[in-house]
Every structure is written in structure tokens, then in C-alpha cells.
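So you can see what is in the structure, the chains are spelled out below.
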Amino acid sequence: MIVLLALLNDGAILSIAYDNVRTSPKPEAWNMRRVLGISTILGLVGVIATFGLFYIGERVLELDRSVIQTLMYLKLSVAGHLNIFVTRTRGPFWSIAPAPILLIAVFGTQTVATIIAVYGLLMPAIGWELALLVWGYALVWFLINDRVKLLGYRILDPEAEPILAQRTPVTAAVR
């Protein structure tokens, strides 16, 4: 499952280099306090979301551990790719439209990941009902992550003017 995650991640990550960004009039300076702060905040939210799904699978749905493993695989894949859209801009995720190649890469790899999980290729099958549950869960946390990111920027960089579509260090480094 880890190898599949890595392979599918590479497909989407490569397309980031062709993403739409607003260019900065001057070279970008990395504010490591802000970069590490936002990364830590989003990482903690991701861990909370993952343990939440684990709890739902084990205690609420009472699923077998092998099925929970597939559930976690799909959640990590889907949520990880949705995080690309959270982190690609300093503003709300919709403030700059992603490049078509990025959308195709992300949704293409996630279609493959979902089919693998649903039909149990190299892992126990979870079926469409649980796959849709994971997608819905990941989408809700995607929206939460975006709000948390905006709050994090407001706390870690209070003097910065509120720009809806400012480049992030990730997109600045890729260009």
C-alpha cells in the first residue's frame, strides 16, 4: 500500500511544475517560521482526521482490521492529493484556478487509487459504499484544512495584507 501511495503521489506531484501561479515582482524569500508553522498545523489536522476515520471504521462501523487498512490507504491517498489544492495558494483554495494538467493528474491518480481500493487489487476490497464514505470524509476535512490554513497564516503572519491569491513557497520553488 505504501508503494502504491508513493507511485500515485509521484504522478500528481510532477504536474505541480505546470500549475497556474501569480508571479511575484521580486524574488521570494522563505519565511521558515511560517512554512514550518503552517506545515505543522496542517500535519496535525491530517493526523486528527486520520485517527478519526480509524475510530469510525473500528468502533462505529466495526470493520475488520484488514478492511480498515484499505480504508486508511484510500484516505491517505485522497486527502494527500486534496492537500495539494490547500497548499498551492496562500488564500482560499479557489483563489487561483489550478492548471488543467494538475486537475487531470490528481483526479486520474485518485480514480486509480479508488478502483484499487474498491475492487481489492493487492489489498482487501472495501466496495463503493465505503469508498464514497472515505471521499466524503476527505472532502469535509479538505474544507476544514483550507480554513485552518487561512487561520494559520493570519496568526503566523499578521502584518501581511490579506491577498487572496499569493504564491506559496512550494509553488515559488517549483517555478
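Keep in mind that this is a model prediction, so the values were computed, not measured.

(A) Spotlight on the side chain of Ser 77. Tracing the sequence through the fold places Ser 77 in helix H3 (residues 65-87). Discounting residues that sit within four places of it in the chain, Ser 77 has contacts with Leu 5, Leu 8, Gln 110 and Ala 113.

(B) Highlighting the packing of H3 against helix H4 (residues 100-119). In the contact formed by H3 and H4, the axes pass within 10 Å of each other and the chain directions differ by 175°. Taken as axis vectors, H3 and H4 run roughly antiparallel relative to one another. Along its contact with H3, which presents Thr 70, Tyr 73, Leu 74, Ser 77, Val 78, His 81, Ile 84 and Phe 85, the element H4 presents Leu 102, Leu 103, Val 106, Thr 109, Gln 110, Ala 113, Thr 114, Ile 116 and Ala 117. Tallied by class, the residues present in the contact of H3 with H4 amount to eleven nonpolar, six polar and no charged.

(C) Here's a closer look at the packing of aromatic side chains. One pass over the full model with this rule turns up five aromatic pairs. Ring geometry for Phe 93 versus Trp 94: centroids 5.3 Å apart, planes at 85°, classification edge-to-face. Taking relative accessible area as the criterion, Phe 93 reaches 24% and is therefore assigned partly exposed. The class for Trp 94 is exposed, based on a relative accessible area of 55%.

(D) The side chain of Thr 89, seen in detail. Turning to its location among the elements, Thr 89 is positioned in the loop between H3 and H4. Of the residues examined, Thr 89 reaches a relative accessible area of 1% and is grouped as buried. Here Gly 91 takes part through its backbone nitrogen, which lies 3.3 Å from a polar atom of the side chain of Thr 89. A polar atom in the side chain of Thr 89 sits 3.3 Å from the side chain of Ser 95.

About the cut-offs
- Residues numbered from 1 in each chain as written.
- Predicted model: local features only at pLDDT ≥ 70, side-chain atom pairs only at ≥ 80, totals over all residues.
- Heavy atoms only, no water.
- Helix = DSSP H or I, 4+ residues; strand = E, 2+ residues; numbered from the N terminus.
- Contact = heavy atoms within 4.5 Å.
- Axes fitted to C-alpha atoms, helices over the stretch in contact; angles between N-to-C directions.
- Parallel < 35°, antiparallel > 145°, perpendicular 65-115°, else oblique.
- Nonpolar A, V, L, I, M, F, W, Y, C, P; charged D, E, K, R; others polar.
- Phe/Tyr/Trp six-rings, centres within 6.5 Å; stacked < 30°, edge-to-face > 60°.
- Buried < 20%, exposed > 50% of the residue type's maximum accessible area, 1.4 Å probe, protein only.
- Polar contact = N/O pair within 3.5 Å; in protein donor to acceptor, adjacent residues only side chain to side chain.

Nothing here speaks to function; it is geometry throughout.
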